[in-house]
Amino acid sequence: MNDRPPDEPSERAALFQSLVQHSLDVIAVLDDQGTILYGSPALQAILGYPPDQMVGRNARDYLHPDDCAGAGSAGARLLRQPGEPVILEVRLRHAGQHWVAMEAVGQNLLDHAEVRGFLINARVVGPHRQADKDLHLLKAAVESSEDVILIAEAGRLDPFDARVIYANPAFQVMTGYERHEVIGRKLSLLFGPRTSKTDLELAAGQLRRGQSCRTQWLQYRKDGSEFWAESNVQRFPRSVTEPEYLVVIQRDVTEWKQAEEDSKRSEAQFRAVFDHASDALAIFNASGRYLEVNPAACGLLGLSAEEIVGKSLPDFVDPSQKDAALLLWQALRVTGEQRGQLRLVRSDGSFREVEYSAKGHYLPGRHLTIFRDVTERKQLEAQLRQSQKMEAIGKLAGGISHDFNNLLTVINGYSEVLLANAKGDHPLRREIEEIRKAGQRATGLTRQLLAFSRKQILTPKVLDLNTVVASMTKMLRRLIGEHIELTFNPAPNLGKVKADPSQIEQVILNLVLNSRDSMPAGGRLLLATGNLRLQDNSILPQVDVKAGSYVVLSVIDSGNGMDDETLSHIFEPFFTTKEQGKGTGLGLSTVYGIVKQSGGYITAASKPTQGTSMRVYLPQVEAEASTDEVSETAGASTTGSETILLVEDEDVVRTLAASILTKNGYQVLESRGPEEALRIAHLRERPIHLLLTDVVMPVMSGRELAVRLVAARPDMRVLYMSGYTDEIMFQHGVLTPGTAFLPKPFTPHTLSSKVREVLGSGNRAEATPECV
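So, here is what we can say about the structure in this document. Note that the coordinates shown come from a computational prediction; the quantities given were computed from them, not determined experimentally.

**Quick look at the packing of helix α20 (residues 674-683) against helix α21 (residues 702-712)**
Stage number 1. Running from N to C, α20 and α21 point in directions that differ by 10°, and their axes come no closer than 10 Å. If you check the angle between α20 and α21, you find them roughly parallel. Contacts between α20 and α21 involve P674, A677, L678 and A681 on the former and, on the latter, L705, R708 and L709.

Here is the structure:
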């Protein structure tokens, strides 16, 4: 054997060529642009390409796209570092279209006389190398995980007796234990007295059966504080002789758990509010269909939840408001919130006025509407408006009554005087009578206005309403005619009321005549009485009722009836449905005023063609009914010779009264006001038998004047007169018991009769300072 080394260049070249040809590694030469200049036979063995097929192509044609950047960086380093090796890992495309991972060492031999290029020595990365790499990546992922990862050797009987052999850094963050403090200790150190033993036993049973378990339980940190952990536990068997492993992955879900509990409480609170709210609540979807309603909504509509769910708002509104309901839904989708008022139709056909507040997307795809029933409130508002309107008219009527009464006193008084002088066939007697009739009608009109305004002066007595109605039935039958059937149903043991008898008769008369006029072709008219105990306004929702016992007078006819619009105006003065000239429109307004002034209520119910029901409610009193007494002065003389001090600031009224009294034989001392009256009384030494004075005057009232004069002349009697209403009279202390009063307008006869009555009475009128 020749042991001599190959010293000749040819021999060395042949040796190196042989080594390259038989090398298991790929040996290649690339130029500075990456073009393959040479490739060893191993290329075909490793990549499946014959070397001569690759020579002349660029190495980038075989690189994985994700590795091009790295290969470019390695080439740049080779250019900067001639003679120094550069190591890189790349993936090359195999002829079979899969990728081969290779580790390459490159060296810059561009200046080498024989190579003149980049010498690349590459080999396939071995499985152990890939495994090491994968393990390194896995460890990095475990170590950087925000979730806790524990590995423990499982116990034979109780999996949670397993001893920890690994804990990642997140474990310390979550529990406060450093890793060396838990390695070798049992997993059970994380469980405390409040950890659910049932949950642990259930999880242990699943693990013993080879199942994984995913659960939440209460755990304890090193400082003893509690937290909720969501755990995923896997059991990994190894061999018969080696212990099994438990892999536990955990995360702290305390905040999520708290949020869940808060959500449950919020849901429970919402459910409690939803179910027990007095307002109607409804949840609907993006299509406007109701998904859920509360009991109040069912009560509002008179339907069950099943009958409401699946329908939409237009299904329940007044047909005239369906377009408004659709616009509401469209506007809600744009603005997200809407408020307004609607009229809903109940299952029984009745209407309910509601205020609504709609909120869009209070939850994704869910909308909420709150309906508040304001039917009674709107009725009360309407009642208040009606009351304010009628009160305003009443104040107007009361305000003008004084001037009207003074004028009517003059008109009526002088008419009587002229008629007394125009005897028999006097050529002016007819004209004077027409003047008197007009004055009387004006007087009646003024009284009706005062009755409506509840400011007339009443003389109340305790009455049995059955007796009052029964005494009028004969007259009423004549008034309504034979074409109307009149029936009176008196209630037994009817309670008593306190009211002015003549005014109550006027109430009955007006109601009956009104019913008669609604039945021109005939019909039935029922008068009925009854007792009623009212606790609240449930029976009379349109009025503010005082609790107590009432006597009810019902007037029910089968006439033409009225619609709701007409019904809302019937108590207003001058409102009438009769033809021009057939009615003043004061009948029902007078009734309204009398009833209200008597402390009662009146209601009306009617439908077109179905007749009308009028009901008067008067408070019951515990007293015996009064009996009518004949006045002691009836038919007595109206003349006399006494001295009367007449105090009246209206000249025409004073002149008329003085003339009437003088013609009846009295001596009259006229005064334009209280100061002049005091001077006259001071200068007169002879007796003054009667002070006839107006109540409301400038500087001093008639009451004050009377007090001062009676103090100096104790035997002088006092008679007050006024055209003002009862309210003013009460303010001036005139309408107290025992006080003589003459309301304006008066006639010569009423004036003379009242003067004679006061002068002829056994007791003089009281005018003490305490009454002022």
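**Considering the pattern of salt bridges**
Stage number 1. The tally for this structure, following the rule as stated, stands at 27 salt bridges.
Stage number 2. The residue D25 makes a salt bridge to R123 at a minimum N-O spacing of 2.8 Å. Separated by 98 residues along the polypeptide, D25 in the loop between α1 (9-22) and β1 (26-30) and R123 in strand β5 (residues 117-124) bring together distant segments of the chain.
Stage number 3. Judged by its relative accessible area of 14%, D25 falls in the buried class.
Stage number 4. The exposure class assigned to R123 is partly exposed, which follows from its relative accessible area of 47%.
Stage number 5. For D252, the salt bridge goes to R221, with nearest N and O atoms at 3.2 Å. Separated by 31 residues along the polypeptide, D252 in strand β10 (residues 245-252) and R221 in the loop between β8 (213-220) and β9 (226-236) bring together distant segments of the chain.
Stage number 6. One salt-bridge network, held together by shared partners, links R271, D275 and E292.

**Here's the deal with helix α16 (residues 501-517)**
Helical periodicity: at 3.6 residues per turn, an α-helix aligns residues three or four positions apart in one direction.
Stage number 1. Counted at 1.5 Å a residue, the expected span for α16 with its 17 residues is 24 Å, and the 24 Å between its end C-alpha atoms agrees.
Stage number 2. Where α16 is concerned, the buried positions are P501, Q503, I504, V507, I508, N510, L511, V512 and S515.

**Topic: the sheet that holds β8**
Stage number 1. Ordered in space as β7-β6-β10-β9-β8, the 5 strands form an open sheet in which the pairing is antiparallel. The sheet terminates laterally at β7 (163-167) and β8, the two strands that pair on one side only. Averaged over all pairs of adjacent strands, the angle between strand axes in this sheet comes to 35°, irrespective of strand direction.
Stage number 2. Seen against the sheet, helix α9 (residues 254-276) touches β8, β9 and β10 and runs at an angle of roughly 115° to β9.

**Remarks on the side chain of K257**
Stage number 1. Note on placement: K257 falls in helix α9.
Stage number 2. Judged by relative accessible area, which is 16%, K257 ranks as buried.
Stage number 3. Leave out the neighbours within four places in its chain, and K257 touches Q216 and W228.

**Focus on the packing of helix α15 (residues 465-480) against α16**
Stage number 1. Across the interface, α15 lies against α16 with an axial gap of 10 Å and an inter-helix angle of 40°. Compared by their axis directions, α15 and α16 come out oblique. Crossing hand, α15 versus α16: right-handed. Where α15 approaches α16, its residues L465, V468, V469, M472, M475, L476, L479 and I480 are matched on the opposing element by I504, E505, I508, L509, V512, L513 and R516.
Stage number 2. For the contact of α15 with α16, the class distribution of residues is 13 nonpolar, no polar and 2 charged.

**As for the packing of aromatic side chains**
Stage number 1. Tallied over the entire structure, the rule returns 6 aromatic pairs.
Stage number 2. A ring pair is formed by F191 and W217, whose centres lie 5.5 Å apart and whose planes are at 80°; its orientation type is edge-to-face. Of this pair, F191 sits in the loop between α7 (179-182) and α8 (197-208) while W217 is found in strand β8, placing the two residues 26 residues apart along the sequence. Of the two residues, F191 and W217, neither departs from the other in class, the shared state being buried.
Stage number 3. The interplanar angle of 50° and the centroid separation of 5.8 Å between the aromatic rings of Y550 and Y601 together place this pair among those described as tilted. Taken together, the positions of Y550 in strand β20 (residues 548-557) and Y601 in strand β21 (residues 601-606) put the pair 51 residues apart, joining distant regions of the chain.
Stage number 4. Take Y550: its relative accessible area is 4%, and that puts it in the buried class.
Stage number 5. On the basis of relative accessibility, which here comes to 6%, the residue Y601 falls in the buried class.
Stage number 6. Put simply, the rings of F284, Y290 and F316 touch in pairs and so form one group of aromatic residues.
Stage number 7. Cation over ring: K257 sits above W228, and NZ or CZ is 4.5 Å from the ring centre.
Stage number 8. Directly above the aromatic system of F351 lies the positively charged group of R343, at a separation of 6.0 Å from the ring centroid.

**Overview of a nonpolar patch on the surface**
Stage number 1. Side chains of F404, L407, I411 and I435 sit close together on the surface and give an oily, nonpolar patch of about 350 Å² of accessible area.
Stage number 2. The element that contributes the greatest number of residues to the nonpolar patch is helix α13 (residues 375-421), accounting for 3 residues.
Stage number 3. In this fold, L407 is placed in helix α13.

**Structural notes on the sheet that holds strand β27 (residues 741-743)**
Stage number 1. Reading across the sheet, the 5 strands line up as β24-β23-β25-β26-β27 and stay open at both edges, with parallel pairing between neighbours. Edge positions in the open sheet fall to β24 (667-671) and β27, since each of these has one partner strand only. On average, each strand axis in the sheet is inclined to that of its neighbour by 20°, with strand direction left out of account.
Stage number 2. Along the sheet, helix α19 (residues 651-663) contacts β23 (643-647), β24 and β25 (690-694); its crossing angle with β24, the most-contacted strand, is approximately 170°.
Stage number 3. Contacts from α20 reach β23 and β24 within the one sheet, and its direction differs from that of β24 by about 135°.

**Remarks on the nonpolar core**
Stage number 1. I508, L511 and I602 are the most contacted members of the largest nonpolar core, which has 39 residues in total.
Stage number 2. By residue number, the principal contributor to this core is α15, which donates 6 residues.
Stage number 3. Contacts of L511, omitting those with residues within four sequence positions, involve V555, L588, V591, I602, M614 and V616.
Stage number 4. Of all hydrophobic cores here, the second largest spans 28 residues; its members include L150, A170, A203 and C213.

The rules we used
- Residues numbered from 1 in each chain as written.
- Predicted model: local features only at pLDDT ≥ 70, side-chain atom pairs only at ≥ 80, totals over all residues.
- Heavy atoms only, no water.
- Axes fitted to C-alpha atoms, helices over the stretch in contact; angles between N-to-C directions.
- Helix = DSSP H or I, 4+ residues; strand = E, 2+ residues; numbered from the N terminus.
- Parallel < 35°, antiparallel > 145°, perpendicular 65-115°, else oblique.
- Contact = heavy atoms within 4.5 Å.
- Salt bridge = Lys/Arg side-chain N within 4 Å of Asp/Glu carboxyl O.
- Buried < 20%, exposed > 50% of the residue type's maximum accessible area, 1.4 Å probe, protein only.
- Expected span 1.5 Å × (residues − 1).
- Pairing = 2+ DSSP bridges.
- Left-handed = near helix turned anticlockwise from the far one by under 90°.
- Nonpolar A, V, L, I, M, F, W, Y, C, P; charged D, E, K, R; others polar.
- Phe/Tyr/Trp six-rings, centres within 6.5 Å; stacked < 30°, edge-to-face > 60°.
- Lys NZ or Arg CZ within 6 Å of the ring centre and 35° of its normal.
- Patch = residues over 30% accessible without salt bridge, like charges linked within 9 Å, V, L, I, M, F, W, Y side chains within 5 Å.
- Areas by Shrake-Rupley, 256 points an atom, 1.4 Å probe, with all protein chains shown as cover.
- Core = buried A, V, L, I, M, F, W, Y, C linked by side-chain atoms within 4.5 Å.

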